[in-house]
Each structure stands twice: as C-alpha cells, then as structure tokens.
Amino acid sequence: FARCVSALLLLGNDDDDDETLVSLNPDIADAKAILRATAEALLVEGRLVSRRRAASALASLAEKLPGGGSSGGQQVELALAIDAATSAVATRRVTVDEAKGTCDPRFVVFEFCSSIVLRPQQFELVETFVQAEKDQLHSLVRQLVMGAGKTTVVAPLLALLFASGS
C-alpha cells in the first residue's frame, strides 16, 4: 500500500503516467486500476477521519449542554462547542472536482498523511500558487489570517506540489 501511495505522489495530476508502479512490478496487469483503488481508499479513510472528528465535537458539545442554570462563561463555552460541532459536521472535501469526479492524487495523499481535510480558503490559495507557477509568474504574495494554516498546511503542500524529485 505504501508503494502505491508513493506512486500516487509521483503520478501527480497526470492520469496517463502509471509507469512508476509498473517499474516496481512489471507483472502488474492494470496499474491504473490499482492507483485508482489506492486513491479511493485514501478518500474513504479521509472521510472516516472527518466523521470521527465530527463525532468527537458532538460528544464535546453534549458534555457542555446545560443541565440547569448556566453562567456567562458556560454560555461562551457552549457557543464555541456548537461552532466546532457544526463546522466538523459540515466539512466538505474541496480537493475533489465533483462535476468531473477527479482530483489531484497529491492532495488526497497530503490530506491522508496530515489527517486533515483542506479548507476552501487553503485550497484556493494553493491553487492560486500552482496556477501562477504554470503561468510562470514567479513572484506572488498572498496573505491569510493567523491560524489559517499557512505554516502547517499551505507551505508543506506547496513544497510537495512543486517538488521535482531531484
């Protein structure tokens, strides 16, 4: 499985390049099917992680529901728990183009390895940098608010996407 995931990273967004997996094992009859199944397994696992996170947020919310009188501090905690629970339940995967039914497998691997689902703002920022690189715009500056995932999400994902392997 680890080699299939590695092959997905090398594959990038080019669905015709399945030679990596075949080079590892020349007897593979349908490398594309294996890579597709690997990506699907990663997507399912990502969905399970997302659901576990939602269940945890809902359990936390249930603990904070008032049993009687509640103070102002408890109301703030309850509001934060409600916000966390609704965000967790409403999480959607933005890396999959639902109209085409496709996605860049590198995004899927990144989400799997990081146990996250990219937020729309993170995905849009990464896509902006990827498009700028394709258009050969080598100086581009963008900003996000503190805590939006610049250091832990965007920068590592850009490094993965722009890695040349050499």
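This text goes with the structure placed above it.
The rules behind the values
- Positions within a chain are numbered from 1, following the residues in the order the chain's sequence is written.
- Residue-level local features of this predicted model are given only where pLDDT is at least 70; pairs of side-chain atoms are given and counted only at 80 or more, and the full residue set underlies all totals for whole chains, interfaces and linings.
- Hydrogens and water molecules were not included; the side-chain quantities draw on all heavy atoms of the structure.
- Secondary structure follows DSSP: runs of H or I at least 4 residues long count as helices, runs of E at least 2 residues long count as strands, and numbering of each begins at the N terminus.
- Only protein chains enter the accessibility calculation, which uses a 1.4 Å probe. A residue is then buried if its area is under 20% of the maximum for its type, exposed if over 50%, and partly exposed in between.
- When checking whether two residues touch, look at their non-hydrogen atoms; a contact exists if any pair is within 4.5 Å.
- Per-residue and other accessible areas follow the Shrake-Rupley method at a 1.4 Å probe size, with only the shown protein chains counted as cover for residues.
- Definition used in this section: a nonpolar core is a set of buried Ala, Val, Leu, Ile, Met, Phe, Trp, Tyr and Cys residues joined via side-chain atoms within 4.5 Å.
- By salt bridge we mean one thing: a side-chain nitrogen of Lys or Arg within 4 Å of a carboxyl oxygen of Asp or Glu.
- To get an axis, fit a line to the C-alpha atoms, keeping to the stretch in contact for a helix; angles then go from 0 to 180 degrees between the N-to-C directions.
- Working rule for handedness: look at the near helix, and if it is turned counterclockwise from the far one by less than a right angle, call the crossing left-handed; if clockwise, right-handed.
- Three classes are used: nonpolar for Ala, Val, Leu, Ile, Met, Phe, Trp, Tyr, Cys and Pro, charged for Asp, Glu, Lys and Arg, and polar for all others, with Gly counted as polar.
- Pairing of aromatic rings covers Phe, Tyr and Trp, the last counted by its six-membered ring, and requires centre-to-centre distances within 6.5 Å; plane angles under 30 degrees mean stacked, over 60 mean edge-to-face, and any other angle means tilted.

**Some remarks on the overall build of the chain**
Consideration 1: On a plain count of helices and strands, the chain comes out with seven helices and two strands.
Consideration 2: Listing every helix and strand of the chain by position from the N terminus yields α-α-α-α-β-β-α-α-α.
Consideration 3: Classification of the 166 residues of the chain by burial places 30% in the buried group.
Consideration 4: A sequence separation of at least 24 residues applies to 63% of the contacts in the chain between residues at least 6 apart.
Consideration 5: Per element, the accessible surface of the chain, about 10700 Å² overall, is 55% carbon and sulfur.

**A word on the side chain of Asp-104**
Consideration 1: Position of Asp-104 among the secondary structure elements: in the loop between strand S2 (102–103) and helix H5 (105–114).
Consideration 2: Asp-104 gets classed as buried once you look at its relative accessible area, which sits at 9%.

**Comments concerning the nonpolar core**
Consideration 1: Phe-107, Leu-118, Val-126, Val-154, Leu-157 and Leu-161 are the most contacted members of the largest nonpolar core, which has 15 residues in total.
Consideration 2: Elements supplying a minimum of two residues to this core: H5, helix H6 (120–134) and helix H7 (150–162).
Consideration 3: Apart from residues lying up to four places away in sequence, Leu-118 is in contact with Arg-92, Val-94, Thr-95, Phe-107, Phe-110, Glu-111, Phe-123, Val-153 and Leu-157.
Consideration 4: Counting residues in hydrophobic clusters, the runner-up holds nine residues, among them Val-5, Leu-35, Leu-42 and Val-108.

**Quick notes on the pattern of salt bridges**
Pairing between side chains of opposite charge can happen when their charged atoms approach one another.
Consideration 1: This structure, assessed with the given rule, holds three salt bridges.
Consideration 2: The partner of Arg-52 in a salt bridge is Glu-45, and the shortest N-O contact between them spans 3.7 Å.
Consideration 3: Between Arg-106 and Asp-104 there is a salt bridge, with the nearest N and O atoms lying 2.6 Å from each other. Asp-104 carries the same exposure label as Arg-106, and that label is buried.

**Some remarks on the packing of H6 against H7**
Consideration 1: Two elements in contact, H6 and H7, have axes whose closest approach is 10 Å; the angle formed by their N-to-C orientations is 35 degrees. For H6 against H7, the interelement crossing comes out right-handed. Packed against H6, whose contacting residues are Gln-122, Leu-125, Val-126, Phe-129, Val-130 and Glu-133, the element H7 presents Val-153, Val-154, Leu-157, Leu-158, Leu-161 and Phe-162 at the interface.
Consideration 2: Partitioning the contact of H6 with H7 into residue classes produces 10 nonpolar, one polar and one charged.

**Details of the packing of aromatic side chains**
Consideration 1: Taken as a whole and assessed by the stated rule, the structure comprises one aromatic pair.
Consideration 2: Ring geometry for Phe-107 versus Phe-123: centroids 5.3 Å apart, planes at 65 degrees, classification edge-to-face. Note that Phe-107 is positioned in helix H5 and Phe-123 in helix H6, a separation of 16 residues in sequence.
Consideration 3: For Phe-123, a relative accessible area of 17% translates into the label buried.

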